[in-house]
Amino acid sequence: VHRHYYFGVDEIEEDSVLVHYAGVLAMHGIAFKGDSEYAQWQKCPDNKEAAYRVHKKVLQILSSRYPQPVQWLLKAPTIHSCFLKELLKVYPDAILIVTHRQPVEVLPSW
């Protein structure tokens, strides 16, 4: 695994784990199909906004040890691209960057 996808405690990594702290395990909804109460809770947009509030609080805590202002470059496209409204509600001054890569180059990162 490390040969193809290495990460460590002091390395750059996607920020999707921050929304998982709020209990929103599959923000893109792929893992929670069906009509169970839990699946409905996972799909509710209000829960996504709450997850982004937790996300922001964690970043504020992490930022507190550095000289201000701190800017973050966040990468979790399968999450953020599905919930732009909720993301921008919590981060109204966010600057969004959309990149394009060749599919052959992208697939190994999944």
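Residues numbered from 1 in each chain as written. Predicted model: local features only at pLDDT ≥ 70, side-chain atom pairs only at ≥ 80, totals over all residues. Heavy atoms only, no water.

Participant: Quick one: what's the story with the overall build of the protein chain, residue by residue and with numbers?
Facilitator: Scanning the protein chain from terminus to terminus reveals 6 helices and 0 strands. For the protein chain, the N- to C-terminal ordering of α and β elements is α-α-α-α-α-α. Per-residue burial over the protein chain gives 25% buried out of 110 residues. Taking contacts inside the protein chain between residues at least 6 apart in sequence as the whole, the part at least 24 apart equals 57%. Accessible surface computed for the protein chain: about 8800 Å², of which carbon and sulfur atoms make up 61%. (Helix = DSSP H or I, 4+ residues; strand = E, 2+ residues; numbered from the N terminus. Buried < 20%, exposed > 50% of the residue type's maximum accessible area, 1.4 Å probe, protein only. Contact = heavy atoms within 4.5 Å. Areas by Shrake-Rupley, 256 points an atom, 1.4 Å probe, with all protein chains shown as cover.)

Participant: So what's going on with the nonpolar core? Residues and values would help.
Facilitator: With 11 residues, the main nonpolar core is built from Leu 18, Val 19, Ala 51, Tyr 52, Leu 59, Ala 76, Ile 79, Phe 83, Leu 87, Val 90 and Tyr 91. Only helix H1 (16–20), helix H3 (45–63) and helix H5 (84–90) provide two or more residues apiece to this core. Residue contributions to this core peak at 3 residues, all from H3. (Core = buried A, V, L, I, M, F, W, Y, C linked by side-chain atoms within 4.5 Å.)

Participant: Which residues make up unusual backbone geometry, and what values do they have?
Facilitator: For residues other than glycine, phi is negative in most cases, and the peptide bonds are mostly trans. Cis geometry is adopted by the peptide bond preceding Pro 69, which originates at Gln 68 and carries an omega value of -5°. Note on placement: Pro 69 falls in the loop between H3 and helix H4 (77–80).

Participant: How would you sum up a nonpolar patch on the surface? Please name residues and give values.
Facilitator: A surface patch of nonpolar side chains, about 430 Å² in accessible area, is lined by Leu 73, Ile 95 and Ile 97. The residue Ile 97 is located in the loop between H5 and helix H6 (103–106) in this model. (Patch = residues over 30% accessible without salt bridge, like charges linked within 9 Å, V, L, I, M, F, W, Y side chains within 5 Å. Salt bridge = Lys/Arg side-chain N within 4 Å of Asp/Glu carboxyl O.)

Participant: I'd love a proper account of the pattern of salt bridges, names of residues and values included.
Facilitator: When their charged atoms lie close together, side chains carrying opposite charge are able to pair. Summed over all chains, the structure comprises 2 salt bridges. For Arg 53, the salt bridge identified is with Glu 49, shortest N-O distance 3.2 Å. Taken together, the residues span about one helical turn, with Arg 53 and Glu 49 both in helix H3 at a distance of 4 residues. You can call Glu 49 buried: its relative accessible area is 18%. The salt bridge partner of Lys 89 is Glu 49, with a shortest N-O separation of 3.3 Å. Residue Lys 89 is located in helix H5, and its partner Glu 49 is located in helix H3; the two are separated by 40 residues in the primary sequence. Note on Lys 89: relative accessible area 55%, which makes it exposed. A network of salt bridges, in which partner residues are shared, links Glu 49, Arg 53 and Lys 89.

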